[in-house]
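Residues per chain are reported as follows:
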Amino acid sequence: MRLILFLIPLLIFSRGFSQDSGLEKRADEHFNRMAFVKAIPLYKRLTKKGEPSQALYRLGECYRLTRDYERAQKVYEQVMKWPEKPNEAYFNYGHLLLQQGNYQQAGEMFAEFSRRVPEDERGPAFAQTLNNFQEMFADSAAVSVEILPFNSDAADFSPVPYLDGLVFSSSRDPGKAVVKVYEGTGEFFLDLYFVKETGRKDSAWTTPRPLKGEINTAFHESNFTVANDSATEAWFTRNNFLGHKKGRSEDRMMLLKLYKAQMKGKKGVSVEEFAFNNDNFSLTHPAISQDGNTLYFVSDMPGGFGGKDVYKSQKTGENWGPPENLGSQVNTSGDELFPWISPEGTLYFASNGHPGLGNLDIFAIDLTQSGQRPKNLGYPFNSPFDDFSYLLDAEGESGYFSSNRPGGMGGDDIYRFHLERPVIGMLVQDSISGFPIEGAELVLFSGNGVELETFVTDSVGRVSFKVDRGNFRVQAVTTDFLPYTFPFSTQSEAGTSEFSYTLSLYNPPPAITALVIDEATGKKLPGASVKLVNLTRVDTLARTSDRYGRFSAKLERNSHYDLWVKFPGYLVYKDHISTTFNSYEGDTIIPMKLEPVVINKVMRLENIHYEFDRAEIRAQDYPDLLELVSLLRDNPEIRIELSSHTDARGNAEYNRSLSQRRAESARSFLIRAGVEGNRIVAKGYGESQLLNGCKDGVNCSEDDHFANRRTEFRIIGFVEGTQIEYQNSKPKK
């Protein structure tokens, strides 16, 4: 009955048929004013009189338009045998076949309609879509649907959240002593009702009650809409009736108009007409935007694309602008009905002109983007029957729609759905090392390029978020890697509710990707402090190794860098990097092996030896001592013992004294080089710690004796005030 109320054509293919008898004339009069219930028995009498005629076709239409699809199917089977049937019969019969699930034969009907009426875009569109209709069932497992218990055996549809419940349209028995019946269907006229969920138990709702005040009348009221659930201004549809006055078109029809009411709770007052209402065509199905400044509606006004089109009107100040047709992007030569606009600018509407699974299907289109085509929402929102009046709640994860599909309570029924929004899991990693990247920003965009949200990867390079069904892309942005754009879709696999992706980011040359590890064990060292000093333009980069001991940094071309890596309990790692050569790649992992500080571990200065019976530092020994200077400068917290040794020739006491002079000589060199004296203990061990068997009384070569004349050092502790703890001569773990 809802379809009859909302803009079913008044005349259908009346040309070319005779209307000789009074019986046919009376039947056509009922048909033209949409009194289909009264027209049916008259057409049935006419069809029994002889050859198929206009009466048979219109009888089938009466059944179809009153949604008695079983009888309509039987009549149309006879109509299709008639050689003089109108072309529109192929299209209408195709829809009836869709409702039977007979997609192959339905496709044949749409193809024939396309051949006969090539200028009508609906035929080829429906025929082509039916070749791939399985795609409309792709994501059905990700949606749960329930029929709401307050539905009746009459028409119930178009719920809208308001206050603490829902306002919906219904033709249920209002329970009054004297009630008009709509002759189009034999059912009661539509009114607006309020209902709310009690919360006492699952699916417990209050008894629906009609809205109070000046909204409901003896005629049709439906399609309540508000900008938000606490708005004080509402729009709705009513027959042409205001102030106890009926308005009629030139052919004496009470068409439909848009009205605005001021709401005081559940009571409507101060009802007034929309400025662009007209007695000779209908305006219906209002949907107001969230900001209250754009009104979407449906009309069969002249100048459209055929059938019923969706329009909008923009509010400027206190006035509404003239209706604007949404164009061929939305409208077809069929009917586009029941619009609803989301806060993000997506228009949801029902259509029998765009190809789908049945008569009316629900579609969505992003009005913020040009050049888009409506997308069929597919099953379970759409079925072989009529599906319409879709809307989402504020969170975008639940909502409502209406349908006359089997399994309901009768007529149109209201369904609630919950979207199992897909969960997207992403791992962001270094393309070279494979290690995760912490702190990467992922900017999420819709398929149309609208920025939606930004996420940041955690300490293991991961991020998780929910999205709707659709097409998206993310752009990964970090300090040291090239921006990376990754498109993905949540519609690719039927029923999939979790999607996992890996984003590999590249750090192009010149760059450095390094792994900080323990030299002895290979253990990764997280939290190491890294400093890269650009010697070419005096600039410093600071980094910290991640939980895997990894760090990356972009470098400048044609530059020289000094690198320092520090970690508690380890000697500073130092290196030099140059990007002045074309061969520099920077796309491999550089292992940076840190040497742990071990107390009392002896380290030999390999190239420091002494002439026989001499204590002076030789010039050729300077490089090793300068390396020790560098080590002490880079690690200012350590104290060392600098020890000197002699060979076994000569008196032991003399050798001890000689080695002490040699140790003091090396210490003086370090002090002159800038190392604090309190960090160096000089110790001469004489011949007490020989490296070989060249002791007193043993005949050895000069080279063997030379090997014993050496200088060594060992870390013996730390400068006072240094906060480093050790255990068993090694750093605590």
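Residues numbered from 1 in each chain as written. Predicted model: local features only at pLDDT ≥ 70, side-chain atom pairs only at ≥ 80, totals over all residues. Heavy atoms only, no water.

1. Concerning unusual backbone geometry
Rules: Strands are runs of DSSP state E lasting at least two residues, helices are runs of H or I lasting at least four, and both sets are numbered from the N terminus onward. Here the term buried applies to any residue with accessible area under 20% of the maximum for its type, exposed to any over 50%, and partly exposed to those in between, with areas from a 1.4 Å probe on protein chains only.
In this chain, Tyr379 is followed by Pro380 through a cis amide linkage whose omega measures 10 degrees. Considering the arrangement of structural elements, one finds Pro380 in the loop between β23 (375-376) and β24 (387-392). The phi torsion at Ser158 lies on the positive side, around 55 degrees, for a residue other than glycine. When you line up the elements, Ser158 lands in strand β2 (residues 156-162). For Ser270, which is not a glycine, the phi torsion comes out positive at approximately 55 degrees. The class of Ser270 is partly exposed, set by a relative accessible area of 44%.

2. As for the sheet that holds strand β20 (residues 336-341)
Just so we agree on the cut-off: DSSP calls a pair of strands paired once it identifies at least 2 bridges connecting them.
One open sheet accounts for four strands, arranged β20-β21-β22-β23; its pairing is antiparallel. Pairing within the sheet leaves two strands with one partner each, and these edge strands are β20 and β23.

3. Notes on the sheet that holds strand β25 (residues 398-403)
Under the convention used in this document: Only the stretch in contact is used when a helix axis is fitted, and all axes are lines through C-alpha atoms; the angle between N-to-C directions ranges over 0 to 180 degrees.
Spatial ordering of the open sheet is given by β1-β26-β25-β24, a layout of four strands whose pairing is antiparallel. Edge positions in the sheet fall to β1 (143-147) and β24, since each of these pairs with one other strand and no more. Across the sheet, the mean angle from the axis of one strand to that of its neighbour is 25 degrees, orientation sign disregarded. Bridge analysis of β25 against strand β26 (residues 413-419) gives six bridges, and the strand direction is antiparallel. Along β26, the bridge assignment pairs Ser402 with Ile414.

4. Regarding a positive patch on the surface
Using the following cut-off: Within this analysis, patches are made of residues with over 30% relative accessible area and no salt bridge. Like charges are joined at 9 Å or less; nonpolar side chains (Val, Leu, Ile, Met, Phe, Trp, Tyr) at 5 Å or less. Surface accessibility follows the Shrake-Rupley procedure with a 1.4 Å probe radius. Residue values consider only the protein chains on display as shielding. When a carboxyl oxygen of Asp or Glu lies within 4 Å of a side-chain nitrogen of Lys or Arg, that pair is called a salt bridge. His is not counted here, nor are the chain ends, while Lys and Arg score as positive and Asp and Glu score as negative. By convention, the charge on Lys lies at NZ, on Arg at CZ, on Asp at CG and on Glu at CD.
A contiguous patch of positive charge, built from Lys180, Lys246, Arg248 and Arg252, is present on the exposed surface. Following the sequence through the fold, Arg248 ends up in the loop between β12 (245-246) and β13 (256-264). Classification of Arg248 as partly exposed rests on a relative accessible area of 32%.

5. Re helix α2 (residues 22-32)
Structural remark: α-helix, 3.6 residues per turn; residues separated by three or four positions point the same way. Our working rule: Taking the helix axis as origin, the arc is that swept by the directions to the C-beta atoms.
Residues of α2 that are buried include every one of Leu23, Glu24, Ala27, Asp28, His30 and Phe31, and no others. In a view along the axis of α2, the buried residues occupy a sector of 160 degrees, so they form one face of it.

6. Comments concerning the confidence of the model for the protein chain
As a reminder, the rule being used: Predictor confidence is given residue by residue as pLDDT, running from a minimum of 0 to a maximum of 100. For this analysis, residues touch if any pair of their heavy atoms sits within 4.5 Å.
For the protein chain, the average pLDDT comes to 86, and 90% of its residues sit at 70 or higher. Ignoring residues within four places in sequence, the model shows residues 1-20, a span with pLDDT below 50, making 75 contacts including any to other chains. For residues 725-733, every residue scores under 50 in pLDDT, and the model assigns this stretch 15 contacts once sequence neighbours within four places are set aside.

7. Let's talk about the nonpolar core
We count it as follows: Among the buried residues, those of types Ala, Val, Leu, Ile, Met, Phe, Trp, Tyr and Cys that are joined through side-chain atoms within 4.5 Å form a nonpolar core.
Tyr43, Tyr76 and Phe110 are the most contacted members of the largest nonpolar core, which has 48 residues in total. Among the secondary structure elements, those contributing two or more residues to this core are α2, α3 (36-47), α4 (54-65), α5 (69-79), α6 (88-99), α7 (103-116) and α8 (122-130). With 39 residues, the next largest nonpolar core counts Val160, Met263, Tyr415 and Phe417 among its residues.

8. Considerations on the packing of aromatic side chains
The condition is simple: Aromatic pairs are defined between Phe, Tyr and Trp rings, using the six-membered ring for Trp, whenever the two ring centres lie within 6.5 Å; interplanar angles under 30 degrees are classed as stacked, those over 60 as edge-to-face, and all others as tilted. Put simply, a charge is over a ring when the Lys NZ or the Arg CZ is close to the ring centre, within 6 Å, and near the line of the ring normal, within 35 degrees.
Within the structure shown, the criterion is met by 43 aromatic pairs. Measuring from centroid to centroid gives 4.7 Å for Phe338 and Phe388, while their planes differ by 40 degrees, and the two rings are tilted. In this pair, Phe338 sits in strand β20 while Phe388 sits in strand β24, placing the two residues 50 residues apart along the sequence. A single burial state applies to Phe338 and to Phe388, both of which are buried. Centroid distance Tyr348 to Tyr390: 4.5 Å. Interplanar angle 25 degrees. Geometry classified as stacked. Of this pair, Tyr348 sits in strand β21 (residues 346-351) while Tyr390 sits in strand β24, and the two are 42 residues apart along the sequence. Members of the aromatic cluster, joined through ring pairs, are Trp340, Tyr348, Phe381, Tyr390, Phe401, Tyr415 and Phe417. Directly above the aromatic system of Tyr548 lies the positively charged group of Arg547, at a separation of 5.7 Å from the ring centroid.

9. Points about the state of the cysteines
Note the cut-off: Cysteine sulfur atoms are paired as a disulfide whenever they come within 2.5 Å of each other.
Taken as a whole and assessed by the stated rule, the structure comprises one disulfide. A sulfur-sulfur distance of 2.2 Å marks the disulfide that ties Cys694 to Cys700. One quick way to see it: the torsion about the S-S bond of Cys694 and Cys700 is about -105 degrees, and its sign makes the bridge left-handed. Of the two residues examined, Cys694 and Cys700, each falls in the buried class.

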